[in-house]
Amino acid sequence: MSEALTAPPGGARPAERLRAEPPAYAALDLGTNNCRLLIASPTPRGFRIVEAYSRIVRLGEGLTASGRLSDDAMERSLAALKVCADKVRRRRVVRVRAIATQACRMAENGPAFVRRVAEETGLELQIITPREEAQLSVAGCLNLLDREMDAALVVDVGGGSTELSWVDLKGGGLDAQPRRFQASRLPIKAWLSIPVGVVSLAERFPEGERADRAWFRSMVDDVKARIEAFPHAERMRPVFESGRAHLVGTSGAITSLAGLHLNLPRYDRSKVDGLWLRDADCVAVSEKLLAQTAAERAAQPCIGPDRADLVLAGAAILRAVQELWPCERVRVADRGLREGLLLSLMADQRPRRRRRGGGR
């Protein structure tokens, strides 16, 4: 965890303007596919976003085969991280936390890359564990959980890994005040991380000239085999079988599916975040994508060329989860890790009570 970066000479804004702005916190998530930054200021019920940034960098491109981050991937990521560092400097950021996930966990040269990032940008990336990644993803989606249900399965589809968290919605622990929030105390009854995300799955199952159902099914079955071997969530099975649970899907691939379902002329977070999809809707969107060429998918405004070769891998991961843990409804989340990071950062700043006896 790093503190606020020092503003470069001449780069600070007028002092009176800085004093007028509330303190801000920054959360940066360097994933296998994306580099994302959120800067927000605290409010009584959470936080207000003051700046957001996202760039597809494909840090994990070729990683499955080589075991290393490539030079091109690191250069793309460094360019995005330098933009993030500049944005942090220009805001009145009192604390920043920057994390790295599966690509840096898996890569032989991941730690060396983290050191290079610190040297060239001033950002101190922390490679977090899959467990913390799952907790933070749930934390970022708290407002989207349907409290009328008994359980939820939060599915965070990343570029290099997928985290699944089975959450008890009736056991308490979901309504803590922002200043008392702790991701580690969320009522997550079981969690699983599999080393499969949209980038790694697409690389292992290249599309060829055209997508077809057999190719798509091979991806679904591969993911299912990794999830169904996990026994620790079975105690939640009766809740799902009784229809008292729902899914939450958080990832760029899933938000792209939602945008395509809505036939949006351009991506609109306000229409996608919190959207409910039926299981049949997800199947219909997957079928629509399978009928398109890569070029046709790239022309879709909610997919674009950067996701055209990844969106069906994301749909396959979601389909695998839906087949193993059937739920009639899926809630789409255009939020997740960064929002969970912000809640944790702001909670860490709560006033500490002094111990009795004069100790410090």
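Located above this text is the structure these notes cover.
The rules we used
Note on numbering: residues in each chain are counted from 1, in written sequence order. For a predicted model such as this one, the threshold for reporting local features is a pLDDT of at least 70, and the threshold for listing and counting side-chain atom pairs is 80 or more; totals across whole chains, interfaces and linings nevertheless cover every residue. Values shown for side chains rest on all heavy atoms present in the structure; no hydrogens or waters enter the calculation. Burial classes follow relative accessibility: with a 1.4 Å probe on protein chains only, a residue under 20% of its type's maximum area counts as buried, one over 50% as exposed, and anything between as partly exposed. The numbering of helices and of strands both runs from the N terminus, where a helix is a DSSP run of H or I of at least 4 residues and a strand a run of E of at least 2. Each pair of aromatic rings taken from Phe, Tyr and Trp, with Trp reduced to its six-membered ring, is defined by centres within 6.5 Å and is described as stacked if the planes are under 30 degrees apart, edge-to-face if over 60, and tilted in the remaining cases. Only Lys NZ and Arg CZ are tested; either one counts as a charge over a ring when it is within 6 Å of the ring centre and within 35 degrees of the ring normal. Salt bridges, as used here, are contacts in which a Lys or Arg side-chain nitrogen is within 4 Å of a carboxyl oxygen on Asp or Glu. In this analysis, strands are considered paired if DSSP registers two or more bridges between them. Interaxial angles span 0 to 180 degrees and are taken between N-to-C directions of axes, which are lines fitted to C-alpha atoms, for helices over the stretch in contact. Contacts were defined at the residue level, with two residues in contact if any of their heavy atoms lie within 4.5 Å. We define the nonpolar core as a collection of buried residues of types Ala, Val, Leu, Ile, Met, Phe, Trp, Tyr and Cys that are connected through side-chain atoms lying within 4.5 Å of one another. Any angle from 65 to 115 degrees is called roughly perpendicular, while one under 35 is roughly parallel, one over 145 is roughly antiparallel, and all others are oblique. In a left-handed crossing the near helix is turned counterclockwise from the far helix by less than a right angle, and in a right-handed crossing that turn is clockwise. Residue polarity is assigned by list, with Asp, Glu, Lys and Arg as charged and Ala, Val, Leu, Ile, Met, Phe, Trp, Tyr, Cys and Pro as nonpolar; anything else, Gly included, falls into the polar class.

K.L.:
Account for helix α6 (residues 130-140), naming residues and giving values.
P.N.:
Judged by how many residues are buried, α6 sits mostly within the fold: eight of 11 residues are covered. For α6, the set of buried residues is Glu133, Ala134, Gln135, Leu136, Ser137, Val138, Ala139 and Gly140.

K.L.:
Describe in detail the packing of aromatic side chains, supporting the description with residues and values.
P.N.:
What the rule picks out here adds up to three aromatic pairs. Residues Trp166 and Phe230 carry aromatic rings whose centres are separated by 5.6 Å and whose planes lie at 20° to one another, so their mutual orientation is stacked. Of this pair, Trp166 sits in strand β8 (residues 162-168) while Phe230 sits in the loop between α8 (213-228) and α9 (237-241), and the two are 64 residues apart along the sequence. Grouping residues by exposure puts Trp166 and Phe230 together as buried. An aromatic cluster of at least three residues, connected via ring pairs, comprises Trp166, Phe230, Phe240 and Trp325. In this arrangement the basic side chain of Arg237 is found over the ring face of Trp325, its NZ or CZ atom lying 3.7 Å from the centre. A cation over a ring is seen here: Arg329 above Trp276, with NZ or CZ 3.8 Å from the ring centre.

K.L.:
Could you give me a rundown of the pattern of salt bridges, with the residues and numbers involved?
P.N.:
Tallied over the full model, the rule gives 27 salt bridges. Arg58 is the partner of Asp309 in a salt bridge, and the nearest nitrogen-oxygen pair spans 2.7 Å. Residue Asp309 is located in the loop between α14 (304-307) and α15 (311-324), and its partner Arg58 is located in the loop between β4 (46-56) and α2 (63-66); the two are separated by 251 residues in the primary sequence. The class for Asp309 is partly exposed, based on a relative accessible area of 39%. Residue class for Arg58 comes out buried when judged on its relative accessible area of 15%. One network of salt bridges, with partners in common, ties together Glu75, Lys82, Arg116 and Glu120.

K.L.:
Pulling in residues and values, what's your account of the sheet that holds strand β7 (residues 151-157)?
P.N.:
Read from one edge to the other, the open sheet built from six strands follows the order β9-β8-β7-β10-β12-β11, with strand pairing classed as mixed. Across the chains shown, the open sheet's two edge strands, defined by having one partner strand only, are β9 (188-194) and β11 (276-278). Neighbour-to-neighbour, the strand axes of the sheet open up by a mean angle of 20°, direction not taken into account. Where β7 and β8 come together, seven bridges link them in antiparallel fashion. Bridged to Ala151 within β8 is Asp168. On the sheet, α15 packs against β7, β8, β10 (245-250) and β12 (329-333) and is oriented at approximately 155° with respect to β7.

K.L.:
Describe the pairing of β12, with residues and values.
P.N.:
Of all the five residues making up β12, four are buried; the element is thus mostly covered by neighbouring parts of the structure. Across three bridges, the pairing between β11 and β12 is antiparallel. Each residue of the ladder has a partner; that of Leu277, found in β12, is Val330.

K.L.:
Please give an account of the environment of Ala253 that cites residues and values.
P.N.:
With respect to the element layout, Ala253 can be found in helix α10 (residues 252-261). Sequence separation between Ala253 and Leu318 is 65 residues, and the spatial gap between their C-alpha atoms is 9.4 Å. In this structure, Ala253 is in contact with Val198, Arg307, Val311 and Gly314, ignoring residues within four places of it in sequence.

K.L.:
Summarise the nonpolar core; cite the residues concerned and give the values.
P.N.:
By size, the foremost hydrophobic cluster in this structure holds 58 residues, and its most contacted members are Leu153, Trp166, Leu201, Phe216 and Phe240. Broken down by element, the residue count for this core peaks at 10 residues, all from α15. Apart from residues lying up to four places away in sequence, Leu201 is in contact with Val196, Met219, Asp222, Val223, Ala313, Ala316 and Ile317. Listed in part, the 32 residues of the second largest apolar core include Tyr53, Leu78, Ala80 and Ala100.

K.L.:
Give me the lowdown on the packing of α8 against helix α12 (residues 279-290), citing residues and values where you can.
P.N.:
Where α8 meets α12, the closest approach of the two axes is 10 Å, and the angle between their N-to-C directions is 130°. Relative to α12, the element α8 lies oblique. With respect to the hand of their crossing, α8 and α12 are arranged in right-handed fashion. On α12, the residues touching Arg213, Trp215 and Phe216 of α8 are Ser286, Glu287 and Leu290. Grouping the amino acids of the contact of α8 with α12 by side-chain chemistry returns three nonpolar, one polar and two charged.

K.L.:
For the side chain of Ser137, give the residues involved together with the corresponding values.
P.N.:
Within the secondary structure, Ser137 is located in helix α6. Residue classification places Ser137 among the buried residues on the basis of a relative accessible area of 2%. Beyond its immediate sequence surroundings of up to four residues, Ser137 is in contact with Asp156, Gly336 and Leu337.

K.L.:
Before we move on, can you summarise the pairing of β8 with the specific residues and values?
P.N.:
Across the seven residues that make up β8, a large majority, seven, are buried. The alternating pattern of β8 places Thr162, Leu164, Trp166 and Asp168 and Glu163, Ser165 and Val167 on opposite faces, both of which are buried. Turn length for the β7-β8 hairpin, with the two strands adjacent in sequence and antiparallel, is four residues.

K.L.:
Which residues make up the packing of α10 against α12, and what values do they have?
P.N.:
α12 packs onto α10 with a crossing angle of 90° between their chain directions and a minimal axis gap of 10 Å. Classified by the angle their axes make, α10 and α12 are roughly perpendicular. Facing Leu257, Leu260 and His261 of α10, the residues of α12 in contact are Asp281, Val285, Lys288 and Leu289. Tallied by class, residues from the contact of α10 with α12 come to four nonpolar, one polar and two charged.

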